Amino acid sequence: MFLKREEIVKKIEKSIKKSERFIGEGELATYIPELANVDPDGFALSIVTTTGDVYNFGDIDTVFSMQSISKVISLIMALNDNTIQDVFEKVGTEPTKYKFNSLIPIDDKPSNPLINAGAITTASLIVGKDVDEKFQRVLNLVKKLSDSEKISFLKEVYTSEMETTDVNKSIAYYLRSKKIFSLNADEVLDLYIRNCSIGINASELAHLGAVLANGGSDLVTGDEMVSKETVKIVLAQMASCGMYEESGEFLLNVGIPSKSGVSGAILGIVPGKCGICTYSPRLDASGNSIRGKNLLKILSNDLNLNIFL
């Protein structure tokens, strides 16, 4: 982004306008009842550059749960607390053609850290004396990377999800039966659902993305917040696996390492340039925001953000 700020704003506004044709497409994630209690046509976009410039549009103060975007944080925490070898002995690195909550890919280990089985596994690798301490460490990292103390725990989302999490419970118990982890399955699942229930807004999430786009370094001081090796692994997994069974097509069409969540947010990271968060809660059959994924495609073209060009 070497244009003047006014020029960038105009380009982004035009991109947003193009995305309006997708308004009304898709459905809310009603299988988690609390996620049905949102404005289905709510919208926010935030872009934070590695130099600290912020571009906010739409309902920027709307707080949503991170849902599966928290899998990025769980992976970072697992890599911080264990060796790379130890992490990937428990979880694979390959994309999957199956749904994010499928039991089918679980053979010797989950396919990758960004499906439910993989994220439950990485949650089991987070260090702490109990679930409370582990979750507080996760929450503290999100606050640090987002540069916000407002990051919260959405208890209503957590409760709603815990009451409807039979599939994830079966995954957790199956993983334990396969000796992927030996911890109490209910406690591992509890941490996983708590992580999904972290409340954040688009600007905060885009800032988190900008730190990763900056090689894991603070945008102001340059101090290391996440190691470059960890960032490299996380971005590679986001690029190949972050949009579930649509990941290959998304990378082909958009060219931005991204991670979606069923609350309607998508986190995109353009190395060396910016972090992007789109929020639009209507989803496709894969659990990805329809307007969000199409806006990222439009922005990639209009702002030259494709990492392969």
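Owing to the predicted nature of the structure, the values given are computational and were not obtained by experimental measurement. (Residues numbered from 1 in each chain as written. Predicted model: local features only at pLDDT ≥ 70, side-chain atom pairs only at ≥ 80, totals over all residues. Heavy atoms only, no water.)

A.B. asks: I would appreciate a short explanation of the UniProt feature "binding site: substrate" (unreviewed entry) in the chain in the present structure.
C.D. replies: Under the UniProt annotation, "binding site: substrate" (unreviewed entry) lies at S68, N116, E161, N168, Y192, Y244 and V262. Filtering the just-named annotated residues for those lining the largest pocket gives V262. Within the secondary structure layout, Y192 lies in helix α8 (residues 185-196). Contact partners of Y192, with chain neighbours within four places excluded, come to K71, N116, A119, I120, A123 and N168. You can see V262 is positioned in the loop between β6 (258-260) and β7 (265-270). For V262, a relative accessible area of 5% gives the class buried. (UniProt positions renumbered as here; feature names shortened; annotations may be inferred. 1 Å grid on protein atoms, 1.4 Å probe; cavity = no way out; pocket = protein on both sides within 12 Å on 5 of 7 lines; lining within 4 Å. Helix = DSSP H or I, 4+ residues; strand = E, 2+ residues; numbered from the N terminus. Contact = heavy atoms within 4.5 Å. Buried < 20%, exposed > 50% of the residue type's maximum accessible area, 1.4 Å probe, protein only.)

A.B. asks: Would you mind going over the packing of aromatic side chains with me for this structure?
C.D. replies: In this description, an aromatic ring pair is defined by two values, namely the gap between the centres and the angle between the planes. Scanning the entire structure with this criterion turns up 3 aromatic pairs. For the ring pair F64 and Y279, a centre distance of 4.8 Å and an interplane angle of 5 degrees mean the geometry is stacked. One end of the pair, F64, is in strand β3 (residues 64-65); the other, Y279, is in strand β8 (residues 274-279), and 215 residues separate them in sequence. Here Y279 falls in the buried class, since its relative accessible area comes to 4%. A centroid spacing of 5.3 Å and a plane angle of 65 degrees characterise the contact between F135 and F153, whose relative ring orientation is edge-to-face. Of this pair, F135 sits in helix α5 (residues 131-146) while F153 sits in strand β4 (residues 152-153), and the two are 18 residues apart along the sequence. (Phe/Tyr/Trp six-rings, centres within 6.5 Å; stacked < 30°, edge-to-face > 60°.)

A.B. asks: What is the right way to read empty space enclosed by the protein from this model?
C.D. replies: Sizing a probe to match a water molecule and rolling it over the atoms shows the empty space that remains. If you walk through the whole model with that rule in mind, you get 1 cavity of 30 Å³ or more. By volume, the largest cavity amounts to about 60 Å³. Lining the largest cavity, in full, are F22, I23, G24, E25, P40, D41, S280, R282, I290 and R291. Residues belonging to the lining of the largest cavity are distributed by class as follows: 4 nonpolar, 2 polar and 4 charged. (Points joined across faces, edges and corners; volume = space filled by probe spheres on them. Nonpolar A, V, L, I, M, F, W, Y, C, P; charged D, E, K, R; others polar.)

A.B. asks: Would you explain the pattern of salt bridges in this entry?
C.D. replies: Any two side chains of opposite charge can pair, on the condition that their charged atoms come close. Under the definition given, this model contains 10 salt bridges. Of the charged contacts in the structure, one is a salt bridge between K18 and D302, with a shortest N-O distance of 3.1 Å. Within this pair, whereas K18 is found in helix α1 (residues 5-19), its partner D302 is found in helix α12 (residues 290-302), the two being separated by 284 residues in sequence. A residue is classified by how much of its surface remains accessible, and K18, at 44% relative accessible area, is partly exposed. Of the charged contacts, one joins E149 and K143 as a salt bridge, the two residues approaching to 3.9 Å between their closest N and O atoms. A relative accessible area of 66% means that E149 is categorised as exposed. Judged by relative accessible area, which is 17%, K143 ranks as buried. Here the residues in one salt-bridge network are D132, D190 and R194, joined through shared partners. (Salt bridge = Lys/Arg side-chain N within 4 Å of Asp/Glu carboxyl O.)

A.B. asks: Whenever I open this one, the layout of surface pockets confuses me. Can you help?
C.D. replies: In this structure, the largest pocket encloses a volume near 250 Å³. If you go around the largest pocket, you meet 19 residues; those closest to its centre are V38, V63, F64, S65 and Y279. Taken together, the elements giving at least two residues each to the lining of the largest pocket come down to β3 and α6 (155-162). Looking at the lining of the largest pocket, its residues break down into 11 nonpolar, 4 polar and 4 charged.

A.B. asks: I tried to follow the pairing of strand β1 (residues 44-49) on my own but got confused; where do I start?
C.D. replies: Consecutive side chains along a regular strand alternate between the two faces of the sheet. For β1, the buried fraction is high: 6 of the 6 residues fall into the buried class. The two faces of β1 match: A44, S46 and V48 on one face and L45, I47 and T49 on the other face are all buried. Pairing geometry for β1 and strand β2 (residues 54-58), over 5 bridges, is antiparallel. From the neighbouring strand, A44 faces β2, where its bridge partner is G58. Pairing between β1 and β8: 6 bridges, direction antiparallel. (Pairing = 2+ DSSP bridges.)

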